[in-house]
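# Residue-level structure breakdown
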Amino acid sequence: MVAPNRRKGRVAIVGGVRTPLIKAGTALRQMPMTELTRAVIQETLYRLSWPAGRLDEVIVGNVVMPADAANPARVAAMQAGVPAHVPALTVQRNCASGMEAVTQAAARIRSGRAQMVMAAGGESMSTIPLLFPNQTLAPMTRLFKAKTLWQQVTAVAAFRPRHVRPIPGIELGLTDPLIGMIMGKTADVLAHEFDISRQEQDAFALQSHRKATRASEAGHFDSQIVPLYAGKRFEPITTDNGPRPNQTMEALAKLKPIFDRRDGTVTVGNACQVTDGAASLLIADADLARAEGLEPLGYIRDYATAALDPARMGLGPVFAIDQLLQKTGLKLDDIGLIEINEAFAAQVLACLKTIASDRFCREHLGRSHAIGPIDPDRLNVNGGAIALGHPVGATGTRIVLNLMLEMRRRNVEWGIASLCVAGGQGAAILLQKG
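Reading the values: rules and limits
Residues numbered from 1 in each chain as written. Predicted model: local features only at pLDDT ≥ 70, side-chain atom pairs only at ≥ 80, totals over all residues. Heavy atoms only, no water. Helix = DSSP H or I, 4+ residues; strand = E, 2+ residues; numbered from the N terminus. Rg over C-alpha atoms; globule rule 2.2 N^0.38 Å. Buried < 20%, exposed > 50% of the residue type's maximum accessible area, 1.4 Å probe, protein only. Contact = heavy atoms within 4.5 Å. Areas by Shrake-Rupley, 256 points an atom, 1.4 Å probe, with all protein chains shown as cover. Pairing = 2+ DSSP bridges. Axes fitted to C-alpha atoms, helices over the stretch in contact; angles between N-to-C directions. Parallel < 35°, antiparallel > 145°, perpendicular 65-115°, else oblique. Nonpolar A, V, L, I, M, F, W, Y, C, P; charged D, E, K, R; others polar. Salt bridge = Lys/Arg side-chain N within 4 Å of Asp/Glu carboxyl O.

Here the focus is the overall build of the chain. When its secondary structure is counted, the chain shows 15 helices and 16 strands. Compactness check: the chain gives a C-alpha radius of gyration of 22 Å against a globular reference of 22 Å for 434 residues, within 12% of the reference. Taken along the three principal axes of its C-alpha coordinates, the chain extends 80 × 55 × 40 Å. Buried residues in the chain amount to 56% of all 434 residues. Restricting the contact set of the chain to residue pairs at least 6 apart, pairs at least 24 apart contribute 80%. In the structure as shown, the chain presents an accessible area of about 18,800 Å², 52% of it carried by carbon and sulfur atoms.

Time to look at the pairing of strand S1 (residues 11-18). Burial analysis of S1 places 8 of its 8 residues in the buried class, the great majority of the element. With 3 bridges connecting them, S1 and strand S13 (residues 298-307) associate as antiparallel partners. Bridging from a neighbouring strand, Val 11 pairs with Ile 300 of S13. Bridge count for S1 against strand S12 (residues 275-285) is 7 bridges, and the pairing is antiparallel. Residue Val 17 lies in a different strand from S12, and its bridge partner there is Ser 280.

What follows concerns the packing of helix H11 (residues 316-328) against helix H12 (residues 345-355). Contact pair H11 / H12: the axes reach a minimum separation of 8 Å and the direction vectors enclose 45°. Classified by the angle their axes make, H11 and H12 are oblique. Residues Pro 317, Val 318 and Ile 321 of H11 touch H12, and the partners they reach there are Gln 347, Cys 351, Thr 354 and Ile 355. By residue class, the composition of the contact of H11 with H12 is 5 nonpolar, 2 polar and no charged.

Next up on the list: the packing of helix H3 (residues 97-111) against helix H15 (residues 395-410). Running from amino to carboxyl end, H3 crosses H15 at an angle of 65°, the nearest separation of the two axes being 4 Å. For the element pair H3 / H15, the angle class is roughly perpendicular. When H3 is examined against H15, the residues Gly 98, Met 99 and Val 102 are found in contact with a partner set consisting of Gly 396, Thr 397, Ile 399 and Val 400. Partitioned by chemical class, the residues of the contact of H3 with H15 number 4 nonpolar, 3 polar and no charged.

Here we take up the pattern of salt bridges. For the coordinates displayed, the defined rule picks out 14 salt bridges. Put simply, Glu 35 and Arg 38 hold a salt bridge, and the shortest N to O gap is 2.8 Å. Remark: Arg 38 and Glu 35 occur in helix H1 (residues 33-48); sequence separation between them is 3 residues, near one turn of the helix. Put simply, Arg 410 and Glu 406 hold a salt bridge, and the shortest N to O gap is 2.7 Å. In this pair, Arg 410 and Glu 406 are both assigned in helix H15, 4 residues apart and thus about one turn of the helix distant. Via salt bridges that share partners, Glu 406, Arg 409 and Arg 410 belong to a single interconnected network.

See the structure below:
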């Protein structure tokens with residue numbers, strides 16, 4: 001194997017945390033994204049005893065920008081105690097937004113423009129608002145401008161049921177305007193194209209719950225999680241509430257398809273959970289980190305983004321992993337642990353099929369043969385978004401944190417974290433153990 005240039009880009013991950021991942025509409029339903037993100041930024045700085053004023057920048061991934069915080073990175077950073085002289089930037093690459101924050105931080109350090117950057121991702125899926133149709137604007141404007149009682153009455157009389165029928169913002173946001181498909185429909189497309197059965201998808205989902213449950217019971221998430229306090233009684237929230245220890249194939253089989261009701265196979269049981277959460281990582285110049293007594297967890301060696309047909313967006317990890325391996329000279333066999341975000345079971349299973357297919361890799365990646373099969377024992381070893389949930393702006397940061405800690409626990413040299421991205425993109429990052 002040919003290892004990446006060790007002199008180039010000594011970008012270290014020195015620590016990080018995440019919130020518990022909580023199903024939307026439950027315990028964190030009233031906690032805004034900025035508060036979730038504040039908590040992880042503040043806790044990361046506290047655990048590492050790093051002065052907030054010595055950060056060069058704060059970069060946060062977020063998908064659904066809150067209307068009351070136009071640059072939520074700045075709001076969360078200052079609420080976390082980061083002083084006013086430290087700039088903050090919010091980045092958005094759909095599902096890879098949290099990973100984009102990490103790679104943007106790495107790029108700044110690699111270029112010499114920064115030495116210490118806080119990279120985070122956060123999303124409150126619970127607080128995504130209901131929207132009204134554009135056609136509501138005219139009668140609503142007329143009502144606002146009404147001055148007399150008669151004008152107000154006639155303005156109200158102009159409203160029709162269609163004007164006050166809300167549109168779920170989350171549904172609109174998960175629909176790709178390029179192809180007119182909601183994301184789950186693209187997973188059904190892949191299931192049909194690659195002959196992935198409903199039973200295969202449910203079996204994959206079951207394994208995700210079992211892995212996440214085992215990891216939680218073994219305490220593998222304990223060091224990652226910062227408790228939150230919410231609700232009327234300000235009760236502590238310390239664990240993820242998505243994994244189902246008693247999940248069964250029989251229960252999964254009873255669920256009906258939700259996107260293609262005629263012959264679809266994607267259900268709420270074999271798709272990611274809609275979740276609230278945040279995660280953060282302190283990214284540093286490796287030499288500075290060591291000089292300051294911060295032991296790197298590991299290193300960001302390289303990263304890649306790729307683009308493809310939006311209708312097959314779930315294959316994005318294959319394209320990004322291909323670029324990453326070609327850039328670094330590593331082989332798939334060199335990679336000890338791999339994370340492919342579980343947007344949908346069908347999507348991950350399609351990635352596993354295509355990355356091991358000579359024909360696909362030859363026709364779509366220009367390779368002479370397949371990248372290689374991925375050993376299931378090396379994939380998403382602590383479960384994934386089907387069990388844990390997918391707070392879209394945070395997941396990219398969370399899987400990097402989880403992968404880095406698991407590499408250290410298992411003494412694995414190389415790891416890759418990857419995601420598919422709505423709109424037809426893929427992102428991947430190569431980590432090396434410290």
